[in-house]
Amino acid sequence: MADSRPRNDTPLGANAGAADTTFVLDIGGTWTRASSWPLSAETVVTTVRTPSRTNSPEMPAGDLVEQLVDLIVALVPDQVASKVAISLGAALDHHRGVVYGSAPLWGDSTTDVPISARLHARCPHVQWVVTNDVTAMLAAYRAAHPELHTTKIAVVTVSSGIAARYDDPNSRTMPTDPAGLQGEIGHLPAVTNGLHLDCACGEFDHVAAFASGPGLRAVAEAIATRTEPDVPANHAVVLSPAAFERTFAAALDADDPFAHHVLREAVNPIADVFTYLLTTQPDIERIVMAGGVIESIGMHYHRAVLRRMRQRGVYYTSNSHPTWLDSVVVLAQSPEETSPLVGAAILASAQSGRAA
Ligand SMILES: [Zn+2]
């Protein structure tokens, strides 16, 4: 029987040199990036579409897993005794390297995927180290900010999915639950304003169903198709999957009332999660938002989150100390600051061949 006690022994931010890693991959719901390691100004990062539920909604999860393993093996150069660090956008047991699920990658499939073992079976001469992407982002942020070594930080990714990760700055370990998980906030229940949306995990009304990249489009569609007297019918947002992201960002920049209405409705659930976080863990000094959605519309997203937290935020304190929220909830300053490629290499060095 598996040990069910909460565990707390995943070191973060150690061995920042990551000298023994030779190749790194960052696998997200939409894109996979791959590069030799260490990165340099001359390094070419290969970017390809991930075989995933996000990109191929009709494909069975088992086929997507097979294609992903094929892709990883194809991208990694054939080197003897190399060490490959992988950042994976999936909920995984931080101790066994088993993937429990990933809505952006495999939809509502709940079949465990022993990804490290599958890769080892294909290429036993390679040392595979698979890390959760948000854990990697936190490790990269830690490495970029040594001045914050005593500060309790949570990194939150907002992309095709949503998740958060924090560590204990004193021990440099990452607390996990009995399943080896932490911070899967995208699948917390969302309090919504009359909208009801399916989550890619198979449940409904989860935070990611509203506040993720696909969630934003779902909220826009839902609002556009219901008649509301205060929502303008004519707007600059094109709802098709191919055009939404670009036109939504442009509409926010142009102060389109529909776009801002959609954004406010979409971010309320994640703003509420931040409120719960700061209410129960007021020692969190920084919540860093990063990921693809933030890179695209971060300033607008940040403003909408803070608006909700000022209106319905931390009891008493949101009003009595209004600047507190501004100092805690911040945007990553650049994609490099929370690079999963960098974080995966750091963790691979610290973890010595097992899942991180
Ligand atoms: Zn969900």
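This structure is a prediction, so every number in the text was calculated from the model and none was measured.

Colleague: How should I be thinking about the overall build of the protein in this particular structure?
Modeller: A tally of helices and strands in the protein yields 12 helices and 12 strands. In terms of overall dimensions, the protein has a C-alpha envelope of 65 × 50 × 45 Å along the principal axes. Buried positions account for 47% of the 356 residues belonging to the protein. A separation threshold of at least 6 residues defines the contact pool for the protein, and within that pool the share at least 24 residues apart is 65%.

Colleague: Quick question: what am I supposed to make of the confidence of the model for the protein here?
Modeller: If pLDDT is low for a region, its predicted coordinates should not be looked at in detail. Taken as a whole, the protein shows an average pLDDT of 88; of its residues, 90% reach a score of 70 or greater. Contacts for the low-pLDDT stretch residues 1-16, under 50 throughout, to residues beyond four places or in other chains number 39 contacts.

Colleague: Help me understand helix α9 (residues 292-311), please; the structure alone is not making it clear to me.
Modeller: Over its 20 residues, α9 runs 26 Å from end to end, which matches the ideal 28 Å to within 8%, given 1.5 Å per residue. Along α9, the helix axis deviates most sharply at Gly-298, where the bend reaches about 95 degrees. Listed as buried for α9 are Val-293, Ile-294, Ile-297, Tyr-301, Ala-304, Val-305, Leu-306, Arg-308 and Met-309.

Colleague: Even after reading the chapter, I still don't get the domain arrangement of the protein, so can you show me in this structure?
Modeller: By convention, interface size is frequently given as the accessible area that disappears when the constituent parts associate. As far as domains go, the protein holds domain 1 (23-138 + 340-351) and domain 2 (145-337). Among the secondary structure elements, those contributing two or more residues to the side of domain 1 that touches domain 2 are α2 (103-106) and α4 (133-144).

Colleague: What am I meant to see in the packing of helix α6 (residues 213-225) against helix α8 (residues 257-280) here?
Modeller: The relative placement of two packed helices comes down to the angle between their axes together with the axis-to-axis distance. Running from N to C, α6 and α8 cross one another at 120 degrees; their axes reach a closest spacing of 9 Å. Here α6 lies oblique to α8, going by the angle between them. The chirality of how α6 crosses α8 is right-handed. Between α6, through Gly-215, Leu-216, Val-219, Ala-220 and Ile-223, and α8, the contact on the second element is made entirely by His-261, Val-262, Glu-265 and Ala-266. Taken together, the residues that form the contact of α6 with α8 break down as six nonpolar, two polar and one charged.

Colleague: Help me understand the sheet that holds strand β8 (residues 127-132) in this model?
Modeller: Two pairing modes exist for strands in a sheet, parallel and antiparallel, and in both the strands are linked by backbone hydrogen bonds. Strand order in the open sheet formed by five strands is β3-β2-β1-β4-β8, and the pairing between neighbours is mixed. In this open sheet, the two strands that pair with only one neighbour each are β3 (46-49) and β8. Neighbour-to-neighbour, the strand axes of this sheet turn through a mean angle of 15 degrees, independent of strand direction. Where strand β1 (residues 23-27) and strand β2 (residues 31-36) come together, five bridges link them in antiparallel fashion. Bridge pairing links Ile-27 to Thr-32 in β2.

Colleague: Just checking my understanding: could you explain the sheet that holds strand β6 (residues 98-101) for this structure?
Modeller: Spatially, three strands are ordered β5-β6-β7 in an open sheet, and the strand pairing comes out antiparallel. Where the open sheet ends on each side, the last strands, each with one partner, are β5 (91-92) and β7 (113-114). Alignment of β6 against β7, held across two bridges, turns out to be antiparallel. Opposite Val-99, over in β7, you have Val-113 as the bridge partner.

Colleague: Even after reading the chapter, I still don't get the environment of Thr-247, so can you show me in this structure?
Modeller: By secondary structure assignment, the location of Thr-247 is in helix α7 (residues 241-253). Separated by 142 residues in sequence, Thr-247 and Leu-105 place their C-alpha atoms 25 Å apart. Apart from the residues lying within four places of it in its own chain, the contact partners of Thr-247 are Ala-236, Val-237 and Val-238.

Colleague: Before we go on, may I ask you to explain the pairing of β8 in this structure?
Modeller: Here is the key point about a regular strand: its side chains alternate between the two faces of the sheet. Within β8, six of the six residues are buried, which leaves the element mostly enclosed by the surrounding structure. Residues Gln-127, Val-129 and Thr-131 point to one face of β8 and Trp-128, Val-130 and Asn-132 to the other, with burial holding for every one of them. Where strand β4 (residues 83-88) and β8 come together, six bridges link them in parallel fashion. Within β8, the position partnered with Ala-85 by the bridge is Val-129.

Colleague: Just to check I follow, could you spell out α4 for this structure?
Modeller: Helical periodicity: at 3.6 residues per turn, an α-helix aligns residues three or four positions apart in one direction. Here α4 spans 16 Å end to end across 12 residues, near enough to the 16 Å set by a 1.5 Å rise per residue. Taking burial as the measure, the 12 residues of α4 include 12 buried ones, the bulk of the element. Looking only at α4, the buried set comprises Asp-133, Val-134, Thr-135, Ala-136, Met-137, Leu-138, Ala-139, Ala-140, Tyr-141, Arg-142, Ala-143 and Ala-144.

Colleague: Even after reading the chapter, I still don't get the environment of Ala-164, so can you show me in this structure?
Modeller: Structurally, Ala-164 is set in strand β10 (residues 162-166). Since 23 C-beta atoms lie within 10 Å of it, Ala-164 is described here as buried. Counting along the chain gives 26 residues from Ala-164 to Leu-138, while the straight-line C-alpha distance between them is 9.1 Å.

Rules used throughout
- Residues numbered from 1 in each chain as written.
- Predicted model: local features only at pLDDT ≥ 70, side-chain atom pairs only at ≥ 80, totals over all residues.
- Helix = DSSP H or I, 4+ residues; strand = E, 2+ residues; numbered from the N terminus.
- Buried ≥ 20, exposed ≤ 12 C-beta atoms within 10 Å, placed from the backbone.
- Contact = placed C-beta atoms within 7 Å.
- pLDDT = per-residue confidence, 0-100.
- Expected span 1.5 Å × (residues − 1).
- Bend = angle between axes of the 7 residues up to and from the residue.
- Domains from an automatic or database assignment.
- Axes fitted to C-alpha atoms, helices over the stretch in contact; angles between N-to-C directions.
- Parallel < 35°, antiparallel > 145°, perpendicular 65-115°, else oblique.
- Left-handed = near helix turned anticlockwise from the far one by under 90°.
- Nonpolar A, V, L, I, M, F, W, Y, C, P; charged D, E, K, R; others polar.
- Pairing = 2+ DSSP bridges.

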